[in-house]
Protein chains: 2
Amino acid sequence: MTAHPRLSLNQATIKYADLSEAIAATVDAGYSSIGLWREPVQGRGLGRSIREIEDSGLRVSSLCRGGFFTMADGPERRSSIDDNRRAIAEASALGAPTLVLVAGGLPAGSKDIVGARERVRDAIGELADDAAAAGVTLAIEPLHPMYASDRAVVSTLGQALDIAEQFPLGVTAVVVDTFHVWWDPQLFEQIARAGGRIASYQVCDWSTPLPADVLLARHYPGDGVIDFASISAAVEAAGYTGDIEVEIFNKEIWEDTYANVAARTRDAFAAAVAPHVSAGAGTGALVRL
Amino acid sequence: MTAHPRLSLNQATIKYADLSEAIAATVDAGYSSIGLWREPVQGRGLGRSIREIEDSGLRVSSLCRGGFFTMADGPERRSSIDDNRRAIAEASALGAPTLVLVAGGLPAGSKDIVGARERVRDAIGELADDAAAAGVTLAIEPLHPMYASDRAVVSTLGQALDIAEQFPLGVTAVVVDTFHVWWDPQLFEQIARAGGRIASYQVCDWSTPLPADVLLARHYPGDGVIDFASISAAVEAAGYTGDIEVEIFNKEIWEDTYANVAARTRDAFAAAVAPHVSAGAGTGALVRL
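Here the structure is a predicted model, which is why all the values come from computation and not from measurement.

Visitor: Would you mind showing me how to read the overall build of chain A here?
Guide: In terms of helices and strands, chain A carries 11 helices and 10 strands. For a compact globule of 289 residues, the expected C-alpha radius of gyration is about 19 Å, and chain A comes in at 17 Å, within 12% of that figure. Expressed as a percentage of its 289 residues, the buried residues of chain A come to 57%. Look at the contacts in chain A between residues 6 or more apart in sequence, and 81% of them connect residues 24 or more apart.

Rendered as structure tokens:
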């Protein structure tokens, strides 16, 4: 069975798979695209990862992730910026058009969320030229406000756009992840505002009660309360035609077999999301050699 | 030791206390104001509750809570509207200037958060005349977006104001609860916009990791990451001079003695919040006989 042409399996959905296992599960389930994470790529080695991706014929929809640069200037911040430069280079080498950025939470002991947000903007300012030169789009991902203190001080699409719009189109953009933004009363106006600034559309579902670890609260599309019809239509109307990733952090799903997860993701997407999106073009580039 | 003249102990902070115990703990710890909940008032009976409050000399800063009216029209919705009318009458009888409204989550099986929000506005429209006649302000409380599906489809202060501003000043207003709104990038502009629409300021703190039940994630002011200085200054600048409630849902705090909790709340407020607010006037009215 073939997956929807725009569907991409984000590697975090099968978190325990190494790169080769993730590629195999993705190809075997009929996908044409995969979203990569840095850790398994580094585990395999960048050169070998590039060859494995090339051999698989898969597009790379995005590389997760950069960011985590809310700290004040000093060695820790310099180290983060340098690491983000390496992430840009890795994305470029892997043919990922997009590097996903998660802002980072409040620095230890800080209560200054306003200052932390300014430092996110400043960090992206430092990285923009590198990203432009590498042909990689920096995609700022707003995370659900329940992660505002420990993971991402950028919580809304509007806030991500406020930053992204300070830099050239194509260099900075945003991620629309249904899990993070579905609740936002300004969602539809901000998706429309985003237009060509949408570099990634990610889908998974929200349901309650939340698990003990709220990081693992995501579900297959259709298993929760998110209205994929209206959000997908808005993202389409904004002009986004690229790959659509399913990225699920969920302990039970992680403990399932990779083949099962890839198949269930494909089928859930077909039922809950595919009716509301075009066949599209796919923005994940083939590996540049 | 006397509590800050504007400090009010919300009864939910000592959830297991019955009304008499709650009043005693509040008076003994030197407070002049208490925030009541309907269930313990009903447990004591409205008439007796009024007399006990009157005898205590405490102001009633607010009554919690009405709302939960997101369902489509039908018997369940009629029942909810009727119950809210009773809540307005109880607030008036208790001398509470404000009835706190929590919107309610998505109706079972629904994915239509936009429609649910419209029904919140419509319900408040049905109740506005009753509230005006009773001299009770309906205060819409935006809840943290992590409760959007199961508890409150009103998630931001801006959204609460969009509803409140459709009705006369004094009839509808908003609650600013630091726990729910601290993360909002539009917080300060919305507090300024709110002006005289702020009917209640509630303070407690946010810290991570969140507990297994995210309903119980609140902490004493100062024990988390919220910047009470800037938020309190903004609420002051907006013109709010009324009581400030501490409302904490936290299992460990609930299991402490009422006297300890009342004292720790008083002292935490004195350290973390009091330096940033005026002595104020207190809006909690005395019981009207």
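Past the structure itself, the notes keep going.
Visitor: Which parts of the structure should I look at to understand the sheet that holds strand β3 (residues 59–67) of chain A?
Guide: Residues and elements named next belong to chain A. Strands sit in the order β1-β2-β3-β4-β5-β6-β7-β10 around a closed barrel of eight strands; the barrel is parallel. Averaged over all neighbouring strand pairs, the angle between strand axes comes to 30 degrees, with direction disregarded. Relative to β3, strand β2 (residues 33–37) runs parallel, the two being bridged by five bridges. Looking at β3, one finds that G35 is bridged to S62. Strand contacts of helix α4 (residues 75–94): β2, β3 and β4 (98–102), with the helix running at about 180 degrees to β3, the strand carrying the most contacts. Here helix α5 (residues 113–134) sits on the sheet and contacts β5 (137–140) and β6 (172–177); the angle it forms with β5, its principal contact strand, is near 145 degrees.

Visitor: Looking at this structure, how should I read the sheet that holds strand β6 (residues 172–177) of chain B?
Guide: Residue and element names in this part refer to chain B. Strand order in the closed barrel formed by eight strands is β1-β2-β3-β4-β5-β6-β7-β10, and the pairing between neighbours is parallel. Recorded for the sheet is a direction-independent mean angle of 30 degrees between the axes of neighbouring strands. Strand contacts of helix α4 (residues 75–94): β2 (33–37), β3 (59–67) and β4 (98–102), with the helix running at about 180 degrees to β3, the strand carrying the most contacts. The strands touched by helix α11 (residues 258–272) are β1 (7–10) and β10 (244–246); relative to β1, the strand with the most contacts, the crossing angle is about 140 degrees.

Visitor: How do you make sense of the interface of chain A and chain B when you look at a structure like this?
Guide: Interface extent is often summarised as the accessible area lost during association of the parts. Each partner contributes to the interface: chain A provides 22 residues, whereas chain B provides 22 residues. For the side of chain A that touches chain B, the class distribution of residues is 12 nonpolar, six polar and four charged.

Visitor: Sorry if this is basic, but what is going on with the nonpolar core here?
Guide: Among the nonpolar cores identified, the biggest contains 196 residues, and L99 and V174 of chain A together with L99 and V174 of chain B are the most heavily contacted of them. Contact partners of V174 of chain A, with chain neighbours within four places excluded, come to A139, I140, L157, A160, L161, A164, A194, R197, I198 and A199 of chain A.

Visitor: Would you mind going over the confidence of the model for chain A with me for this structure?
Guide: Reading fine detail from the predicted coordinates is not recommended where pLDDT is low. All names here are of chain A. When pLDDT is averaged along chain A, the result is 96; 97% of the residues meet or exceed 70. Scored below 50 in pLDDT, residues 284–289 makes 18 contacts in the model with residues more than four places away or belonging to other chains. Both confidence scores are given for the complex: pTM 0.95, ipTM 0.94.

Visitor: So what exactly am I meant to see when it comes to helix α3 (residues 46–56) of chain B here?
Guide: Three- or four-residue spacings in an α-helix give side chains the same orientation, since the helix completes a turn every 3.6 residues. Residue and element names in this part refer to chain B. Residues S49, I50, I53 and S56 constitute the buried set of α3. Considered in projection along α3, the buried side chains sweep an arc of 130 degrees and stay on one side of the axis. Of the exposed residues in α3, the ones pointing more than 90 degrees away from its buried face are G47 and D55. Looking at the buried positions of α3, the neighbouring elements they touch are α1 (19–28), α2 (38–44), β3 and α4.

Visitor: Is there a simple way to think about the relation of the copies chain A and chain B in this case?
Guide: The two chain copies are related to each other by a rotation about an axis together with a translation along it. Least-squares fitting of chain A to chain B yields an RMSD of 0.0 Å, with the superposition described by an axial translation of 0.0 Å and a rotation of 180 degrees. Put plainly, the chains are arranged around a two-fold axis. Relative to the rotation axis, the C-alpha of A212 of chain A is the closest in chain A, positioned 1.9 Å from it. Taken together, the interface assignments show that 100% of the residues at the interface of chain A recur at the interface of chain B, consistent with an identical surface on both copies.

Visitor: Explain unusual backbone geometry here, please?
Guide: Most peptide bonds adopt trans geometry, and most residues besides glycine take a negative phi value. All names here are of chain A. In the segment running from C64 into R65, the intervening peptide bond is cis, with an omega of -5 degrees. Along the chain, R65 falls in strand β3. The backbone of F68 sits at a positive phi, close to 60 degrees, despite the residue not being glycine. Along the chain, F68 falls in the loop between β3 and α4.

Visitor: Please clarify how helix α3 (residues 46–56) of chain A should be interpreted in this entry.
Guide: Elements that come into contact with the buried residues of α3 of chain A comprise α1 (19–28), α2 (38–44), β3 and α4 of chain A. G57 of chain A occupies a position one or two residues after α3 of chain A and carries a positive phi of about 75 degrees.

Visitor: Where do I start with the pairing of strand β7 (residues 198–203) of chain B in this structure?
Guide: Sheet faces and side chains relate simply in a regular strand, where the side chains alternate between the two faces. Residues and elements named next belong to chain B. Across the six residues that make up β7, a large majority, six, are buried. Taken together, the four bridges between β6 and β7 define a ladder with parallel strand orientation. Across the sheet, the residue bridging to V176 is Y201, located in β7. Two strands pair when backbone bridges link them, and β7 and β10 are joined in this way by three bridges, in the parallel orientation. Across the sheet, the residue bridging to Y201 is I244, located in β10.

Rules and cut-offs
Residues numbered from 1 in each chain as written. Chains lettered and ligands numbered in written order. Predicted model: local features only at pLDDT ≥ 70, side-chain atom pairs only at ≥ 80, totals over all residues. Helix = DSSP H or I, 4+ residues; strand = E, 2+ residues; numbered from the N terminus. Rg over C-alpha atoms; globule rule 2.2 N^0.38 Å. Buried ≥ 20, exposed ≤ 12 C-beta atoms within 10 Å, placed from the backbone. Contact = placed C-beta atoms within 7 Å. Pairing = 2+ DSSP bridges. Axes fitted to C-alpha atoms, helices over the stretch in contact; angles between N-to-C directions. Nonpolar A, V, L, I, M, F, W, Y, C, P; charged D, E, K, R; others polar. Core = buried A, V, L, I, M, F, W, Y, C linked by C-beta atoms within 7 Å. pLDDT = per-residue confidence, 0-100. Arc of directions from axis to C-beta. Least-squares fit on C-alpha atoms with pLDDT ≥ 70 in both.

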